[in-house]
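# Breakdown of the fold
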There are 2 protein chains.
Amino acid sequence: MSPYDPSAFPAFAVTVDLVVLTVRRHALCALVVRRGEPPFQGRWALPGGFVRGDEDLAEAAARELSEETGLCAHDPLSPEPGNGAHLEQLATYGEPGRDPRMRVVSVAHLALSPDLPAPRAGGDANSARWAPVAELLNQEGGFAREDEQPAQLAFDHARILADGVERARSKIEYSSLATAFCPPEFTVGELRRVYEAVWGVALDPRNFHRKVTGTPGFLVPSGGTTTRQGGRPAQLFRAGGATVLNPPMLRPEV
Amino acid sequence: MSPYDPSAFPAFAVTVDLVVLTVRRHALCALVVRRGEPPFQGRWALPGGFVRGDEDLAEAAARELSEETGLCAHDPLSPEPGNGAHLEQLATYGEPGRDPRMRVVSVAHLALSPDLPAPRAGGDANSARWAPVAELLNQEGGFAREDEQPAQLAFDHARILADGVERARSKIEYSSLATAFCPPEFTVGELRRVYEAVWGVALDPRNFHRKVTGTPGFLVPSGGTTTRQGGRPAQLFRAGGATVLNPPMLRPEV
DNA sequence: ATCATAGTCGTCTGCTTGACGATAAACACT
DNA sequence: AGTGTTTATCGTCAAGCAGACGACTATGAT
């Protein structure tokens, strides 16, 4: 069979963009990099890059994630925590004109990672940072000072980020995905603070404890205890094999 | 600013593929079309086509849906039933080699429609049909006869279809999306049969009735009644404004 | 008239949740 | 050592919801 006539369809550039989320200091944060070239030079943007000619979309996303953070993505289907982050496809954005240079279709991916020491962009230290999503999405209450208004994200990345955050918020309701924000061993209180940061609400520690310890397969005790959060020593857990939470964790009204 | 150097990145073809689902004769069915040219000539495939150079992805999906079925897609954000089908982006598939001719990235979309009289493909009557998904996915119990084994779907369309079906199955749990399978006016029993067909389970008519009529905003009575299902006349409803179901409809265990 | 079919209203029981009291075990002070 | 603060963990109680299922209603078919 002969290949298509290349003039029979328009040629697209295909990129992957990453919404990398983590929880730092009780706030949901996203990884953003500063653009070094036009368009949107100097503005913050989501990390990403072109898909190579011989690369699957998931491979390209894992490669970009590794290049930007050093994280090793693990397959969502085999949930061993390890040092890896959770990585899944989010959505695809292909509006004509979203990149002023040419027709670009971007396959956005969502990555959830434990808190990392510091972002490392390609050698350049101050060209990447963890920014609270409340700032990036211009939600009220997200600014330490009035004049701290950050520039809008480049391209349609604010929309992509909002979709990623919404995916994360809804997915921790009915899955054990919140453990992807935690280190390999964590306490019930640390897991609760993940939920509180992602949802932006306060949860009752006693009911939360009852819920997560009472859901079979969600948490398995690792044996040790820790006092790193202060107060009474807390039991350490690992993520269990369960991936779906049934019944789900209920997000409080507004 | 100058455009990219076209040799700096690989060129892709971008297509949209459609998983169009409906409920016919108590079975969940998908629209498939017969391929008229290689590769996979003569095999069944999901409808789809190239994205045009000036077209958004959602536009392309709506255009293809209209060309294949005559349905008018309505925006998921403005849920007026009308004559339109629900249309949303599903996922994107871009594995190298998924199309043997060239590098193609396909943005799959999911469409849910009420039962239609007959599929109309581009003029050709027997080149499109509604096929039970149980057949297409080779699940047991899906065949009327032993020898009715259908050919595998072309490309990676079986995987795409499976993802679309799983999306539909999970989404009717916590949203009012099941009404997209119903005509503008429908009875509680008809809506229940939608759930039963999509999930492949039997639901208690009394508990189902209590649940859907007790969820505010899910259904609004239209005033009329009908006996088109036989038995006692049933009240007719329209889809209400609510889009999320809280608490969700619970899918019975296996 | 009788039956079959489908729709609708109730009841009861067990489970889950939300609100919240009480206790336990660490650390930081004085 | 004692006191306060912080966090973790266990228990109790009432309200709400779901599953199982009985009872009744209104139509068409025989």
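Please read these numbers as outputs of a predicted model, since none were measured by experiment.

## Details of the side chain of B:Ser113
Looking at the element boundaries, B:Ser113 is found in the loop between β7 (104–112) and β8 (128–132). Residue B:Ser113 is classed as buried on the basis of its relative accessible area, which comes to 0%.

## Structural notes on the interface of chain B and chain A
It is common to give the size of an interface as the accessible area lost on bringing the parts into contact. Taken together, the contacts link 31 residues of chain B with 31 residues of chain A. Carbon and sulfur atoms supply 67% of the area that chain B and chain A bury against each other, a total of about 2,800 Å² over both sides. Of all the elements in the fold, those that place two or more residues in the side of chain B that touches chain A are β1 (13–24), β6 (84–93) and β7 of chain B. Among the elements that make up the side of chain B that touches chain A, the one with the highest residue count is β6(B) (four residues). Looking at side-chain class alone, the side of chain B that touches chain A contains 19 nonpolar, five polar and seven charged residues.

## Remarks on the nonpolar core
A:Leu21, A:Leu161, A:Leu191 and A:Tyr195 are the most contacted members of the largest nonpolar core, which has 45 residues in total. Listed by contribution, the elements that provide at least two residues to this core are β1 (13–24), β2 (27–34), β6 (84–93), β7 (104–112), α2 (133–136), α3 (157–174), α4 (188–199) and α5 (205–214) of chain A. No other element matches the seven residues that α4(A) contributes to this core. When residues no more than four places from it in sequence are discounted, the contact partners of A:Leu161 are A:Val19, A:Leu21, A:Ala30, A:Leu46, A:Val133, A:Leu136, A:Leu137 and A:Leu153. Counting 44 residues, the second-largest nonpolar core is a separate cluster that includes B:Leu46, B:Tyr93, B:Val133 and B:Leu245.

## A look at the relation of the copies chain B and chain A
With an axial shift of 0.0 Å and an RMSD of 0.0 Å, the rotation relating chain B to chain A amounts to 180°. What the superposition gives is, in effect, a two-fold axis relating one chain to the other. By residue overlap, the copies meet face to face through one surface: 100% of the interface positions of chain B are interface positions in chain A.

## Considerations on the protein's contact with DNA strand C
Of all residues adjacent to DNA strand C, which total 25 residues, the nearest are A:Arg206, A:Arg210, A:Lys211, B:Arg206 and B:Arg232. Per the 4 Å cut-off to the protein, sugar and phosphate atoms form 51% of the nearby atoms of DNA strand C. At a separation of 3.2 Å, a phosphate oxygen of DNA strand C approaches a polar side-chain atom of B:His209. For the surface near DNA strand C, the elements supplying multiple residues, two or more each, are α5 of chain A together with α4 (188–199), α5 (205–214) and β10 (234–239) of chain B.

The rules we used
Residues numbered from 1 in each chain as written. Chains lettered and ligands numbered in written order. Predicted model: local features only at pLDDT ≥ 70, side-chain atom pairs only at ≥ 80, totals over all residues. Heavy atoms only, no water. Helix = DSSP H or I, 4+ residues; strand = E, 2+ residues; numbered from the N terminus. Buried < 20%, exposed > 50% of the residue type's maximum accessible area, 1.4 Å probe, protein only. Contact = heavy atoms within 4.5 Å. Buried area = accessible area lost by both parts, 1.4 Å probe. Nonpolar A, V, L, I, M, F, W, Y, C, P; charged D, E, K, R; others polar. Core = buried A, V, L, I, M, F, W, Y, C linked by side-chain atoms within 4.5 Å. Least-squares fit on C-alpha atoms with pLDDT ≥ 70 in both. Near = heavy atom within 4 Å. Polar contact = N/O pair within 3.5 Å; in protein donor to acceptor, adjacent residues only side chain to side chain.

By themselves, these figures tell us nothing about what the structure is for.
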